[in-house]
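Chain by chain, the residues run as shown.
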Amino acid sequence: MQFTQIKVDWDINTFMFYLAIILSCYFIAVAGRRAVLVSGVSVQHRKELWIVLISTILIFVKGFGTTGRDIRGGYLANYLSATSWSQFRDQSVEIGYRILNVIVRKFTDEYWIFILICSLITIIPVIHMLKKYADQIDLPIAVLLYVTCYFFNCFSPMRQAMSASLAFYGFDAMVEHRYGKAIVWVLLASSIHISAIIFIVPIFITMAKLIDRKFIGTGLVCLFILLWAERQSLINFFAVDSGRYAMYDAFTTVDVGFEQVIYYIPLFLIFIFGRKNDNNKSIERVSFIYLCMGFFLGMSGYLIEALGRFNISFVSFIIIIPYYCLCFKKRFPKYRILFNFAVVFYCIARFVIFMLNYYNSQDLMPYTNIFGWVI
């Protein structure tokens, strides 16, 4: 497999290509949500059609893509070395990911096949959850949230993307009160990337019925203060001269984190107003815990950069937020169109902010794939 040689730089053609993917998936989901009988096609087949179309787009773009700094660097070197368990290049990598490399490498030395398999592990759980919750959420918003806030963000950190998708099943199990199953999924996800172990916390909080919202909020505030006080010790841990975390450039000064505040205020408002029109206490409790943890980790990333990378694991937001979006629109039906415009603007803004901040550090422009495309 040969990588197309590129010079990473802002490219308006790549930006428009990514935007076209976003809008295509969104409008396909809009059509799927309506599920109108057209030309004798049943409602069920109409729903299946949007799943196939969106899946095809996402798997093609990511599964055959060669975009992303980690894809072209460490992941490639690890895969080429995975001829046996003992020969694997980086023995500090989690065991599940090493096993996956060695197994695939036994069958083929084609790196693009490995990327495709990893992409399937990343995308299929998301599509499965969207299909499962399709009648309970605002489906177009769910698809829009995924492609703008998670899909492109995962081009480079492939391990964490797979881990996040597997941990998504843990969220689903929590909503169904199947806590043993949730723990198994979290542990499996952690074997791909250790960041998923953070989801053990919401599992146990959800199980502890005596822990209410005030306790959760107060506890996270206290934990943030402790983190701030001990930030230098943590910086020294993550910024050691050797080891896998040496790549994380921990900050030595504290940032206020206005970006995270701007990100999460709309999410909390949707949750607050939406839950007043819903009696599902199970999903409400899990959603509140996930929102608080996501905000906490996002803010913590301004103290220790490595902690901020945990935020990419909260793919479950693509169910939580659309669930309460639907509740909100049922409560305020007169504002449905205005609300939709506001959410679309929010999602596109998130995408633009991400691309401006990370297109260079993650080598996201131009887009390339195994067919030699350079867009």
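Residues numbered from 1 in each chain as written. Predicted model: local features only at pLDDT ≥ 70, side-chain atom pairs only at ≥ 80, totals over all residues. Heavy atoms only, no water.

So what about the overall build of the protein chain? Which residues, and what values?
Counting its regular elements, the protein chain contains 17 helices and zero strands. Looking at the protein chain as a whole, 53% of its 375 residues are labelled buried. Intrachain contacts of the protein chain at a sequence separation of at least 6 include 78% that bridge at least 24 residues. Split by element, the accessible area of the protein chain, about 17400 Å² in all, is 66% carbon and sulfur. (Helix = DSSP H or I, 4+ residues; strand = E, 2+ residues; numbered from the N terminus. Buried < 20%, exposed > 50% of the residue type's maximum accessible area, 1.4 Å probe, protein only. Contact = heavy atoms within 4.5 Å. Areas by Shrake-Rupley, 256 points an atom, 1.4 Å probe, with all protein chains shown as cover.)

Which residues make up the nonpolar core, and what values go with them?
Burial of nonpolar side chains together is a common tendency in soluble globular proteins. Counting 118 residues, the largest nonpolar core has Leu-130, Tyr-146, Phe-317 and Ile-318 as its most contacted members. Other than its neighbours up to four places away in sequence, Leu-130 contacts Trp-50, Ile-137, Leu-139, Ala-142, Val-143, Ile-318 and Ile-319. (Core = buried A, V, L, I, M, F, W, Y, C linked by side-chain atoms within 4.5 Å.)

Quick one: what's the story with the packing of aromatic side chains, residue by residue and with numbers?
Summed over all chains, the structure comprises 44 aromatic pairs. Three or more aromatic residues link up through ring pairs in this structure, and these residues are Trp-10, Phe-15, Phe-17, Tyr-18, Tyr-146, Phe-151, Phe-152, Phe-155, Phe-351, Tyr-359 and Tyr-367. Directly above the aromatic system of Tyr-79 lies the positively charged group of Arg-105, at a separation of 5.7 Å from the ring centroid. (Phe/Tyr/Trp six-rings, centres within 6.5 Å; stacked < 30°, edge-to-face > 60°. Lys NZ or Arg CZ within 6 Å of the ring centre and 35° of its normal.)

Would you mind going over empty space enclosed by the protein in detail, with residue names and values included?
With the rule as written, the count across this model stands at four cavities of 30 Å³ or more. Considered as a void within the structure, the largest cavity measures approximately 80 Å³ in volume. Val-61, Lys-62, Gly-65, Thr-66, Thr-67, Ile-71, Ile-115, Ser-119, Phe-155, Met-158 and Tyr-367 together form the lining of the largest cavity. Contributing elements (two or more residues each) for the lining of the largest cavity: α2 (43-63) and α6 (111-132). Its residues assigned to classes, the lining of the largest cavity comprises six nonpolar, four polar and one charged. (1 Å grid on protein atoms, 1.4 Å probe; cavity = no way out; pocket = protein on both sides within 12 Å on 5 of 7 lines; lining within 4 Å. Points joined across faces, edges and corners; volume = space filled by probe spheres on them. Nonpolar A, V, L, I, M, F, W, Y, C, P; charged D, E, K, R; others polar.)

Please give an account of the environment of His-193 that cites residues and values.
Its place among the elements puts His-193 in the loop between α9 (179-190) and α10 (200-207). For His-193, a relative accessible area of 8% gives the class buried. A C-alpha to C-alpha distance of 8.3 Å links His-193 and Gly-96, two positions 97 residues apart in sequence. Side chain to side chain, His-193 and Ser-195 meet in a polar contact 2.9 Å long. (Polar contact = N/O pair within 3.5 Å; in protein donor to acceptor, adjacent residues only side chain to side chain.)

I'd love a proper account of unusual backbone geometry, names of residues and values included.
Each neighbour pair has its own omega, and for Met-365 with Pro-366 the value is -5°, a cis peptide bond. Along the chain, Pro-366 turns up in the segment after α17 (336-358). Positive phi, close to 65°, is recorded for His-177, a residue that is not glycine. Even without being glycine, Asp-363 reaches a positive phi, approximately 55°. Relative to the assigned elements, Asp-363 resides in the segment after α17. By relative accessible area, Asp-363 is classed as buried at 13%.

Quick one: what's the story with the pattern of salt bridges, residue by residue and with numbers?
One pass over the structure, following the stated rule, counts eight salt bridges. Two residues, Asp-138 and Lys-329, come together in a salt bridge whose shortest N-O distance is 2.3 Å. Placement of Asp-138 in the loop between α6 and α7 (139-151) and of Lys-329 in helix α16 (residues 317-331) is noted, with a sequence separation of 191 residues between them. One exposure class covers both Asp-138 and Lys-329, and it is buried. Between Glu-176 and Arg-178 there is a salt bridge; the shortest N-O distance is 3.6 Å. The class for Glu-176 is partly exposed, based on a relative accessible area of 32%. Each of Lys-132, Asp-172, Glu-176 and Arg-178 takes part in a single network of salt bridges with overlapping partners. (Salt bridge = Lys/Arg side-chain N within 4 Å of Asp/Glu carboxyl O.)

Can you tell me about helix α13 (residues 258-275), naming the residues and giving the values?
The end-to-end C-alpha distance of α13, which contains 18 residues, comes to 26 Å, matching closely the 26 Å that a straight helix rising 1.5 Å per residue would cover. Among all positions in α13, only Gln-260, Tyr-263, Tyr-264, Leu-267, Phe-268, Ile-270, Phe-271 and Gly-274 are buried. Those residues of α13 that are buried lie in contact with α14 (281-300), α16 and α17. (Expected span 1.5 Å × (residues − 1).)

For the packing of helix α8 (residues 158-175) against α9, give the residues involved together with the corresponding values.
Following both chains from N to C, one finds α8 and α9 inclined at 170°, their axes separated by 8 Å at the closest point. When the axes of α8 and α9 are compared, the pair comes out roughly antiparallel. On α9, the residues touching Ser-163, Leu-166, Ala-167, Tyr-169, Gly-170, Ala-173 and Met-174 of α8 are Tyr-179, Lys-181, Ala-182, Trp-185, Leu-188, Ala-189 and Ser-190. Looking at the contact of α8 with α9 residue by residue, the classes come out as ten nonpolar, three polar and one charged. (Axes fitted to C-alpha atoms, helices over the stretch in contact; angles between N-to-C directions. Parallel < 35°, antiparallel > 145°, perpendicular 65-115°, else oblique.)

Can you explain the environment of Asn-311? Please cite residues and give values.
Mapped onto the fold, Asn-311 is located in the loop between α15 (305-308) and α16. Through-space distance from the C-alpha of Asn-311 to that of Met-299 is 9.8 Å; in sequence the pair is twelve residues apart. Ignoring any residue separated from it by four or fewer positions in sequence, one finds Asn-311 in contact with Tyr-150, Gln-260, Tyr-264, Gly-294, Leu-297 and Gly-298.

Quick rundown of the confidence of the model for the protein chain? Include the residues and the values.
In this model, the protein chain carries a mean pLDDT of 87, and residues with pLDDT of at least 70 account for 86%. For the protein chain, the element scoring lowest by mean pLDDT is helix α12 (residues 231-238), at 63; helix α5 (residues 95-107) scores highest, at 97. Counted against residues more than four places away or in other chains, residues 248-256, with its pLDDT under 50, gives 20 contacts. (pLDDT = per-residue confidence, 0-100.)

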